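# Close look at the chain arrangement
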Amino acid sequence: MKHSLLTYFRYFFGILIILSCVSQKKKGEYKGLSKFYHNTAAKYNAYFNANELLNLSISKLEYAYKDDYSKILAIFPYEAIEDVNFEKPNLDKAIEKVATDINIHKYSRWVDDCYLLLAKAQYLKKDYETAEGSFEYLINEYQPSKLLERSKSLKQKNVKAIKKEKEAKKEETKKETKNRNKKKIEAKKKAQKNAKKKKSSKKSSKKPIKELNQDKAVKEVEQENPIPQKLTKKKEEPKTLTNVGSKLFPHRPAYWEASIWAAKNLIRRGKYYEAEYKLLEIQNDPATFDYLKADLYATKAHLYLNTDNVDKAIPDLKNAILYAKNKKVKARYAYILGQLYQQLGRPLSSDEYFTQVLKYHPDFDMSFHAKMNSLINKSLQGESEESLITSLERLAKDSKNEEYESEIFVAIGKIYYNAKKYTEAIDYLNRAIWSPTSKPNIKSDAYYLLANIYFDQAQFQTSKYYFDSTLTFLSKSDKRRPMVSKMVFNLKDIAEQLEIINLQDSLIRISGLTNKEKRTLALDIKNRKRAIVVPNDMVIPEMNNEKVLRSPMLNRNSSVLRDMRGNKIDEKAIGGVKSTFFAYDIKAANRGRSSFEQYWGERILEDNWRRSKKSSFNSLTNELEEKKDTVEKLEIEEDLAELLAGIPSSAEEIKLAHKKIQEAMFLLGVAYRDKIEFYQRSKETLEKLLSRYPETERQADALYYLYLDCLDLKDQECADRNNSILKLRFADSYYAKLINDPEFGKSLMNKKNELEQGYEKAYSLFENQEYEESHKILQALATKVKADNPLHAKIALLSAFCIGKTSGKEPYMAALKDVIANYPGSAQESKAREILRFLRGDKEAFEVVNVVELQTAKFTVEDDKMHFMMIVFFDPPAKQIDKAKISISDYHLKYNKLDNLKMTSLPINTDDNVFAILIRKYETKTQAMKYYNAVQKNREEYIPGFQNFEIYPITQNNYSAILELRRVKEYQAFFKANYESN
């Protein structure tokens with residue numbers, strides 16, 4: 001018996017193995033045991049392991065991402081992290097596993113899940129273009145309606161489900177009708193009883209009371225239980241498929257989850273309208289599973305935050321909290337809601353959500369920031385600053401919050417800033433900057449607030465320095481960066497002109513001093529420079545050739561030692577514990593002095609005091625000290641001469657200094673007006689110029705700008721007064737005609753505008769080798785010219801030329817790359833490419849390829865043919881090709897592991913030392929261009945340290961043509977026309 005059972009089992013498993021070996025059927029479905037095997041193996045083998053890898057990668061990405069609580073938190077941390085290279089190997093493994101799963105178990109019910117996992121992995125790798133294609137394929141091919149069309153068993157199952165549902169609805173309708181009729185009969189009987197009790201002797205033509213009461217009762221019943229209206233019979237469509245498995249082993253289609261993740265990918269690609277349409281479609285689909293709705297609403301909120309639509313993001317975040325199961329996720333969404341309401345100036349609502357965060361018991365980091373923001377909300381609601389600041393300082397003193405000290409100082413600074421108590425705000429913001437716990441994001445916030453404080457106080461020079469510091473610490477993705485950059489650029493001219501005015505004024509005053517007074521002043525400046533000790537990360541403004549440093553930790557008029565926060569340091573205590581070092585014990589030091597004097601007597605404080613004969617030793621020491629003194633005196637004299645060198649000593653030099661002040665004052669007045677639209681300060685500066693220098697060469701210019709300032713300040717009397725002076729003194733001037741002669745203004749429209757004149761002036765300066773002046777004018781023009789103006793590209797290229805003349809090769813190449821990136825298809829882009837190729841070693845870069853040469857080369861367009869990647873090196877140093885191959889291999893291992901690329905190197909022209917590396921292979925032009933574009937974005941990582949190479953996708957036939965020509969200049973023209981232009 002035992003033998004026969006064993007035999008049966010062997011037969012059974014043999015049949016199972018035979019059936020499972022069939023990878024696919026003609027009809028695209030598995031049957032019986034084969035179906036069971038493929039579905040089970042698909043889920044619990046490769047897919048299971050790939051899913052574990054993907055979830056692990058998401059966890060690692062979330063862990064690696066550090067929240068910046070000074071900004072709106074990211075809804076999806078795994079998506080917000082910028083560098084994901086450390087997780088790409090794991091994600092590639094997951095992709096390999098699901099690709100194998102799809103190939104082996106092609107018609108299992110887990111194929112759509114495999115495609116979803118593959119697309120998710122591509123999205124997490126930030127390969128958004130490829131991910132978009134994967135998501136589109138999945139959504140189109142595996143939507144429920146198509147699953148029904150392809151599967152007979154699912155159709156039958158779905159028909160049965162619909163039939164069962166119809167029968168259930170019929171039974172329900174019958175029960176409702178029966179109950180309604182029963183209630184009607186009961187209501188009639190009740191009405192009859194009431195009618196009998198209320199008999200009336202009067203006869204009326206109207207309905208008897210009995211009937212009226214009956215009708216009334218029936219109406220009440222009908223109102224409570226309305227009879228459904230009869231609908232015209234329509235052919236019912238099949239119910240949406242929500243289970244492609246069985247009751248015992250259910251399986252949900254991946255369609256809905258794929259649509260949500262596809263929307264996330266579209267957001268990253270900037271396709272906001274498409275993303276919103278897809279999300280609304282899933283939201284309105286009744287078949288969308290509840291467990292997906294938290295992610296759905298969170299993705300919608302993510303979309304609206306990316307498009308700065310805060311009002312729409314708020315309700316979706318609230319819905320996301322309702323559907324989310326994980327308390328950590330709920331806390332995150334609640335915290336973001338608190339931040340958004342705070343941003344909108346609604347502290348009560350903000351406080352509600354920050355309080356809600358604490359109920360979800362988040363980690364200590366989020367809990368602390370929620371408490372701190374609640375205190376800030378109270379300040380916005382009008383609570384006294386003193387009590388709030390006391391609470392915040394109490395938080396700072398708590399040892400648990402030591403790492404948050406700098407953030408607390410910034411929060412206190414914000415409270416004082418909101419209350420317009422600028423002195424206190426400045427003090428705390430400086431303490432935040434100098435705190436040992438201060439991080440770049442905290443420093444950027446503190447510097448940004450300080451810059452705004454000084455700007456509000458019209459201290460533009462100081463404000464500019466703090467905006468400079470802000471830019472140093474701001475991350476590249478910070479939304480404030482463009483505005484801060486603009487402020488730095490706009491305030492630069494103001495700061496420069498103020499420095500010129502202050503410097504020349506100081507030099508003129510110093511020129512009136514005696515030689516002795518000048519030397520005394522120079523020595524004082526030199527000693528002050530020595531006294532200042534500056535930390536490495538401090539960004540210090542330079543003014544009047546001195547480093548200016550304002551910090552609570554430094555007090556030049558005090559000998560008190562202070563720490564980085566400006567607090568007094570107990571010199572006898574280290575780390576809060578009294579020092580045991582003997583020299584700090586006054587009593588012990590006095591006892592030691594007494595015992596020394598008793599034994600040795602009173603001794604002069606000198607070296608070698610114990611020697612009886614010190615003459616020879618002292619003579620050598622004295623000689624060295626004399627030499628040292630002589631060197632120091634010479635150094636001091638050189639430093640003093642350098643400090644005193646700029647002081648004007650003749651009448652002509654003093655006159656030149658005054659002329660510099662006049663020009664700077666005029667330019668300052670114009671900058672106040674044009675750069676920051678501060679018309680009052682512009683007016684005051686120009687009036688001061690005319691008052692101090694009534695005969696200035698800039699008189700007509702100043703009067704015209706004063707006229708404009710007065711108009712903007714709505715002071716017509718002031719405008720008329722300056723116009724009258726302008727007409728009286730400069731009747732034939734450009735400005736007088738511009739104001740008073742309408743025809744003259746019209747005629748200017750037919751002439752070159754101011755921008756073109758500015759460009760011509762810059763070009764003229766460049767030709768005259770005045771590169772720095774030319775570059776300054778071009779920078780100013782770039783802010784005024786619109787992006788679609790053809791002049792913009794010309795300005796960018798000429799600016800690059802100026803950089804090349806003043807800053808060297810590397811900055812020049814970087815500027816040329818910017819021209820290529822920002823102005824595709826323009827003549828300037830072509831010129832920049834030629835120059836860049838020449839700088840990389842291509843001697844034929846400037847040779848023009850004519851039509852005949854291009855036709856002779858016999859290059860053909862073969863978009864659908866196999867493509868290689870050709871990396872051309874112009875005059876490479878020895879062993880560069882080998883080093884380049886190693887670098888490219890490392891790059892492939894990191895970014896193209898699945899592409900299975902092969903490399904070979906060979907010469908193109910040994911006489912000119914032109915070599916190439918050939919990378920095989922890509923099936924089509926589209927795939928090759930994807931590789932090409934990725935390399936262009938990562939040139940420094942592709943072959944680090946080398947610039948003398950170009951990369952081109954190329955077909956085998958075109959590559960053979962290059963080898964015959966032994967040069968690449970013709971192919972460069974062909975590539976530009978047929979690859980880059982597409």
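When helices and strands are counted, the protein chain shows 42 helices and 8 strands. Classification of the 982 residues of the protein chain by burial places 41% in the buried group. Residue pairs at least 24 apart in sequence account for 63% of intrachain contacts in the protein chain once pairs closer than 6 positions are excluded. For the protein chain, the exposed surface amounts to about 59100 Å²; the carbon and sulfur share of it is 52%.

Detailed reading of the predicted coordinates is not advisable wherever pLDDT falls low. The share of residues in the protein chain with pLDDT of 70 or more is 70%, and the mean pLDDT across the chain is 74. When pLDDT is averaged over each element of the protein chain, helix α14 (residues 327-343) comes out on top at 93 and strand β2 (residues 546-547) at the bottom at 34. Across residues 201-207, confidence stays below pLDDT 50; counting only partners more than four residues off in sequence or on other chains, it has 2 contacts. Low confidence marks residues 845-852, where pLDDT is under 50. Its contacts with residues over four positions away, or in another chain, come to 12 contacts.

In this structure, A432 sits in helix α19 (residues 422-434). Along the backbone, A432 and E407 are 25 residues apart, and their C-alpha atoms lie at a distance of 6.9 Å.

Pairing is antiparallel across the open sheet formed by 4 strands, whose spatial order is β6-β7-β5-β8. Because the sheet does not close on itself, it has two edges, and the strands there are β6 (902-909) and β8 (949-955). Neighbour to neighbour, the strand axes of the sheet diverge by 25 degrees on average, direction disregarded. Sheet topology places strand β5 (residues 867-874) next to β8; 7 bridges connect them, and they run antiparallel. Each residue of the ladder has a partner; that of V872, found in β8, is E950. Packing of helix α38 (residues 880-895) onto the sheet brings it into contact with β5, β6 and β7 (914-922), and relative to β7 it is tilted by some 25 degrees.

Bringing the packing of helix α39 (residues 925-937) against helix α42 (residues 969-980) into the picture now. Between α39 and α42, the shortest axis-to-axis distance is 12 Å and the interhelical angle comes to 105 degrees. As far as their axial angle goes, α42 and α39 are roughly perpendicular. Along its contact with α39, which presents K925, M929 and Y932, the element α42 presents F975, N978, Y979 and E980. Split by residue class, the contact of α39 with α42 holds 4 nonpolar, 1 polar and 2 charged.

Topologically, E407 is positioned in helix α18 (residues 405-418). The side chain of E407 is buried and forms no salt bridge, while K439, the nearest opposite charge, is found at 5.8 Å. Apart from the residues lying within four places of it in its own chain, the contact partners of E407 are H369, M372 and I442.

Next up on the list: the packing of aromatic side chains. In this structure the tally under the stated criterion is 43 aromatic pairs. One aromatic cluster is present, formed by F859, Y932, Y952, Y971, F974, F975 and Y979 through successive ring pairs. Here the basic side chain of K264 rests over the ring of F76, its NZ or CZ set 4.2 Å away from the ring centre. Directly above the aromatic system of F868 lies the positively charged group of R920, at a separation of 5.2 Å from the ring centroid.

A word on the state of the cysteines. Two cysteines whose sulfur atoms are joined by a covalent bond form what is called a disulfide. In total, this model carries 1 disulfide according to the counting rule given. Here C710 engages in a disulfide with C718; their sulfurs sit 1.9 Å apart. Like C710, the residue C718 is buried in the burial classification.

Analysis parameters
- Residues numbered from 1 in each chain as written.
- Predicted model: local features only at pLDDT ≥ 70, side-chain atom pairs only at ≥ 80, totals over all residues.
- Heavy atoms only, no water.
- Helix = DSSP H or I, 4+ residues; strand = E, 2+ residues; numbered from the N terminus.
- Buried < 20%, exposed > 50% of the residue type's maximum accessible area, 1.4 Å probe, protein only.
- Contact = heavy atoms within 4.5 Å.
- Areas by Shrake-Rupley, 256 points an atom, 1.4 Å probe, with all protein chains shown as cover.
- pLDDT = per-residue confidence, 0-100.
- Pairing = 2+ DSSP bridges.
- Axes fitted to C-alpha atoms, helices over the stretch in contact; angles between N-to-C directions.
- Parallel < 35°, antiparallel > 145°, perpendicular 65-115°, else oblique.
- Nonpolar A, V, L, I, M, F, W, Y, C, P; charged D, E, K, R; others polar.
- Lys, Arg positive; Asp, Glu negative; His and termini not counted.
- Salt bridge = Lys/Arg side-chain N within 4 Å of Asp/Glu carboxyl O.
- Phe/Tyr/Trp six-rings, centres within 6.5 Å; stacked < 30°, edge-to-face > 60°.
- Lys NZ or Arg CZ within 6 Å of the ring centre and 35° of its normal.
- Disulfide = S-S within 2.5 Å.

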